[in-house]
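Below are the chains, spelled out letter by letter.
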Amino acid sequence: MSLRPILAVVAVFLTWSMLDLVIHGMLLDPIYQATADLWRPVEEMKMALMYAVAIATAACFVMIYTCLVTRKSLAAGLKLGALFGLASGVSMGWGFYGYMPIPLSLAWGWFLSILINFVLAGALVGAIVKSREEAS
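In this text the structure is predicted, and so the values were computed from the model without any measurement.

Enquirer: What is the right way to look at the overall build of the protein chain in this model?
Expert: On a plain count of helices and strands, the protein chain comes out with six helices and zero strands. Reading the protein chain from its N terminus to its C terminus gives the helix and strand order α-α-α-α-α-α. Dimensions along the principal axes, computed over C-alpha positions, put the protein chain at roughly 55 × 25 × 20 Å. The contacts in the protein chain between residues at least 6 apart in sequence include a share of 75% that link residues at least 24 apart. Here the protein chain holds 8 positive side-chain charges and 7 negative ones, and the gap between their average locations is 18 Å.

Enquirer: Any chance you could explain the nonpolar core here in plain terms?
Expert: For soluble globular proteins, the rule of thumb is that nonpolar side chains tend to be buried together. Judged by nonpolar contacts, the single largest core of 18 residues is most densely connected at Y65 and V125. Secondary structure elements with two or more residues in this core: α1 (4–27), α3 (47–68), α4 (74–99) and α5 (104–128). Apart from the residues lying within four places of it in its own chain, the contact partners of V125 are A8, F61, V62, Y65 and G77. Of all hydrophobic cores here, the second largest spans nine residues; its members include L19, I31, Y32 and L106.

Enquirer: Mind showing me how you'd approach the environment of L115 here?
Expert: The topology assignment puts L115 in helix α5. In this structure, the C-alpha to C-alpha distance between L115 and L83, residues 32 residues apart in sequence, is 8.6 Å. Not counting residues within four places of it along the chain, the set of residues in contact with L115 comprises A82, G85 and L86.

Enquirer: Even after reading the chapter, I still don't get α3, so can you show me in this structure?
Expert: One full turn of an α-helix is made of 3.6 residues, so residues set three or four places apart face in the same direction. Its 22 residues give α3 an end-to-end C-alpha distance of 31 Å, which sits within 8% of 32 Å, the value for a rise of 1.5 Å per residue. Residues of α3 that are buried sit in contact with α1, α4 and α5.

Enquirer: How do you make sense of the packing of α1 against α5 when you look at a structure like this?
Expert: Each pair of packed helices gets described by two things: the angle between the helix axes and the distance between those axes. It is the contact of α1 with α5, at a shortest axis distance of 9 Å, that shows an interaxial angle of 155°. Taken together, α1 and α5 sit at an angle that is classed as roughly antiparallel. Once α1 is placed against α5, the crossing between them reads as right-handed. The residues of α5 that touch α1, namely those facing R4, L7, A8, A11, V12, T15, W16, L19, D20, I23 and H24, are W110, S113, I116, N117, F118, L120, A121, L124, V125 and I128. Class assignment of the residues belonging to the contact of α1 with α5 gives a composition of 15 nonpolar, four polar and two charged.

Definitions and cut-offs
- Residue positions are counted from 1 within each chain, in the order its sequence is given.
- Where totals are concerned, whole chains, interfaces and linings use all residues; where local detail is concerned, this predicted model gives features only for residues with pLDDT of at least 70, and gives and counts side-chain atom pairs only at 80 or more.
- In computing side-chain properties, one takes all heavy atoms of the structure into account and sets aside hydrogens as well as water.
- Secondary structure elements are defined from DSSP: runs of H or I of at least 4 residues count as helices, runs of E of at least 2 residues count as strands, and each element is numbered from the N terminus.
- In this analysis, two residues are considered to be in contact whenever any of their non-hydrogen atoms come within 4.5 Å of each other.
- When charges are counted, neither His nor the chain ends are considered; positive counts come from Lys and Arg and negative counts from Asp and Glu.
- Throughout, a charge is located at the NZ atom of Lys, the CZ atom of Arg, the CG atom of Asp or the CD atom of Glu.
- To form a nonpolar core, buried Ala, Val, Leu, Ile, Met, Phe, Trp, Tyr and Cys residues must be joined to one another through side-chain atoms within 4.5 Å.
- Accessible area is worked out with a 1.4 Å probe on protein chains only. A residue is then buried under 20% of its type maximum, exposed over 50%, and partly exposed in between.
- To estimate how far a helix should extend, the number of its residues minus one is multiplied by 1.5 Å.
- Between N-to-C directions, angles cover 0 to 180 degrees, with each direction set by a line fitted to C-alpha atoms, over the stretch in contact for helices.
- For classification purposes, an angle smaller than 35 degrees is called roughly parallel, one larger than 145 roughly antiparallel, one from 65 to 115 roughly perpendicular, and anything else oblique.
- For any helix crossing, the convention is left-handed if the near helix is rotated counterclockwise from the far helix by under a right angle, and right-handed if that rotation is clockwise.
- Any residue outside Ala, Val, Leu, Ile, Met, Phe, Trp, Tyr, Cys, Pro, Asp, Glu, Lys and Arg is labelled polar, Gly included; the first ten of those are nonpolar and the last four are charged.

Quick look at the structure:
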């Protein structure tokens, strides 16, 4: 059994964690501050749960690529990441905008950040997880 999928999960999780600090901690922070009545106070946020969700999502994404993509390559990873990112970004960014009183700028921010996260995840998994022929 190859350790490459495990390495890909770790790489994706760490990349997402760093991006979250920049995107949510800096770029989108003014929007979060302006809509503070919608969010839990920082001390009540469930950070362990958020990290568990990120690891589970990274693991599922890597397993989708590992199990369902037959011709593994950087291009295949990027395609999967872009499609998955578009689907998730539309669902999260625009889905929440439809029923939560969030600003349009936050919907755009969530959509774009999710798309970027998954495109990068696709690049990582495409670069790390290889077909059996390539790996040997």
